[in-house]
Amino acid sequence: MNINRTDALDMVRESISRVIPDADFAALGPNDAFRDALEMDSLDFLSFVEVLSERSGVRIEDEDTPRLTTLSGSADFLVTRTG
């Protein structure tokens, strides 16, 4: 399955929303770290990674997680992995 950037960004936002239902995406820039901007703790972040993996069908390894800390990085990761 190929995922374009727009779909990837939507998928990332939806995955975050499943973990942090009241996430304020208007205050989140494309390169802002989720943990700081959304006050994600480690468990929230791990849950986000699991949800994103399930929704996208992309296997996410531990070494991939540094790329998943921002909207832009997460979208780029998905586009690259599915392209």
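Residues numbered from 1 in each chain as written. Predicted model: local features only at pLDDT ≥ 70, side-chain atom pairs only at ≥ 80, totals over all residues. Heavy atoms only, no water.

Colleague: Go over the packing of helix α1 (residues 5-19) against helix α3 (residues 42-56) with me, naming the residues and quoting the values.
Modeller: Here α1 crosses α3 at 130°, and the two axes come no closer than 9 Å. Judged by the inter-axis angle, α1 sits oblique to α3. Taken as a pair, α1 and α3 cross one another with a handedness that is right-handed. Note on element contacts: α3 touches α1 through D44, S47, F48, V51, L52, R55 and S56, opposite M11, V12, E14, S15, I16, R18 and V19. Of the residues assigned to the contact of α1 with α3, the class counts are seven nonpolar, three polar and four charged. (Axes fitted to C-alpha atoms, helices over the stretch in contact; angles between N-to-C directions. Helix = DSSP H or I, 4+ residues; strand = E, 2+ residues; numbered from the N terminus. Parallel < 35°, antiparallel > 145°, perpendicular 65-115°, else oblique. Left-handed = near helix turned anticlockwise from the far one by under 90°. Contact = heavy atoms within 4.5 Å. Nonpolar A, V, L, I, M, F, W, Y, C, P; charged D, E, K, R; others polar.)

Colleague: Quick rundown of the packing of aromatic side chains? Include the residues and the values.
Modeller: Taken as a whole and judged by the stated rule, the model has two aromatic pairs. Measuring from centroid to centroid gives 5.3 Å for F34 and F48, while their planes differ by 75°, and the two rings are edge-to-face. In this pair, F34 is assigned in helix α2 (residues 34-37) and F48 in helix α3, connecting sequence segments 14 residues apart. For the pair shown, F34 and F48 are each scored as buried. On the basis of an interplanar angle of 50° and a centroid distance of 6.0 Å, the ring pair of F45 and F48 is categorised as tilted. Placement of the pair is F45 and F48 together in helix α3, with a separation of three residues, close to one helical turn. (Phe/Tyr/Trp six-rings, centres within 6.5 Å; stacked < 30°, edge-to-face > 60°. Buried < 20%, exposed > 50% of the residue type's maximum accessible area, 1.4 Å probe, protein only.)

Colleague: Describe the nonpolar core, with residues and values.
Modeller: The biggest cluster of nonpolar side chains holds 25 residues, and the ones touching the most others in it are V12, I16, F34, F48, L52, L68 and L78. Put simply, the parts of the chain that give this core at least two residues each are α1, α3 and α4 (71-82). For this core, the leading source of residues is α1, giving six residues. Residue contacts for F34: discarding those within four places in its chain leaves V12, I16, L28, E39, M40, F45, F48, L68, T69, T70, L71 and S74. (Core = buried A, V, L, I, M, F, W, Y, C linked by side-chain atoms within 4.5 Å.)

Colleague: Tell me about the environment of I60, residues and numbers included.
Modeller: Position of I60 among the secondary structure elements: in the loop between α3 and α4. In this structure, the C-alpha to C-alpha distance between I60 and S42, residues 18 residues apart in sequence, is 16 Å. Apart from residues no more than four positions distant in its own chain, I60 is found in contact with V49, L52, S53, L68 and F77.

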